[in-house]
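# What the coordinates show
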Amino acid sequence: MSEHPIQGLMTTAMENLKEMIDVNTIIGDPVETPDGSLILTVSKVGFGFAAGGSEFMLNGDSSGSGQGQSKEQPFGGGSGGGVSVTPIAFLIVNSNEVKMVHLDESTHLYEKILDLAPQAVDKIQQMFNKNGDDNSSQNQQNQSSI
């Protein structure tokens, strides 16, 4: 059984897509900064693929030939594909920390809230401690005046 023409179209398109996408497309090559930090790009990759075709009957052709041989019908077809690479974050690695900088604003907002949570708790504790100190000093003044 011979290979159908659509199979060749699909194979060629898929091989070309495979060549375009590798692991370095998703996690980019590291870039070293003068201070020794490494920056890696993190990307979202999406791809699509389509193929189709049709065999055409010639006018006056019958399905079988008089000599018992089958004739190949003319074939028309095409295939195509596309790749979308979208950077979504940068991973920054230095000697002190590993930090993820998101390019998506909503994700970045959640990360900022988590980063600021300990600072907010410290501020609230300082406010309560300050109010407690003020109240205790007022109580001491009130007790000394009695």
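A quick note: this is a predicted structure, and the numbers were derived from the prediction, not measured. (Residues numbered from 1 in each chain as written. Predicted model: local features only at pLDDT ≥ 70, side-chain atom pairs only at ≥ 80, totals over all residues. Heavy atoms only, no water.)

### Looking at helix 1 (residues 5-20)
The end-to-end C-alpha distance of helix 1 is 24 Å, a good match for the 22 Å that 16 residues give at a rise of 1.5 Å each. Buried residues of helix 1: Ile6, Ala13 and Leu17, and no others. Projected down its long axis, helix 1 carries its buried residues within an arc of 40°, all on one side. Helix 1 presents Lys18 and Glu19 as exposed residues on the side facing more than 90 degrees away from its buried surface. In the core, the buried residues of helix 1 are packed alongside strand 2 (38-55) and strand 3 (75-93). (Helix = DSSP H or I, 4+ residues; strand = E, 2+ residues; numbered from the N terminus. Expected span 1.5 Å × (residues − 1). Buried < 20%, exposed > 50% of the residue type's maximum accessible area, 1.4 Å probe, protein only. Arc of directions from axis to C-beta. Contact = heavy atoms within 4.5 Å.)

### Description of the pairing of strand 3
Where strand 2 meets strand 3, 18 bridges bridge the pair, whose relative direction is antiparallel. Looking at strand 3, one finds that Ala50 is bridged to Gly80. In this structure, strand 3 lies alongside strand 4 (residues 98-102), joined through five bridges in antiparallel fashion. Note on strand 4: the bridge partner recorded for Val93 is Val98. (Pairing = 2+ DSSP bridges.)

### Remarks on the pairing of strand 2
With two bridges joining them, strand 1 (residues 31-32) and strand 2 adopt antiparallel strand pairing. Bridge pairing in strand 2 links Glu32 to Leu38.

### Digging into the side chain of Ser43
As for its position among the elements, Ser43 is in strand 2. Residue Ser43 is classed as buried on the basis of its relative accessible area, which comes to 11%. Those residues in contact with Ser43, other than ones at most four positions away along the chain, are Thr25, Ile26, Val85, Thr86, Pro87 and Ile88.

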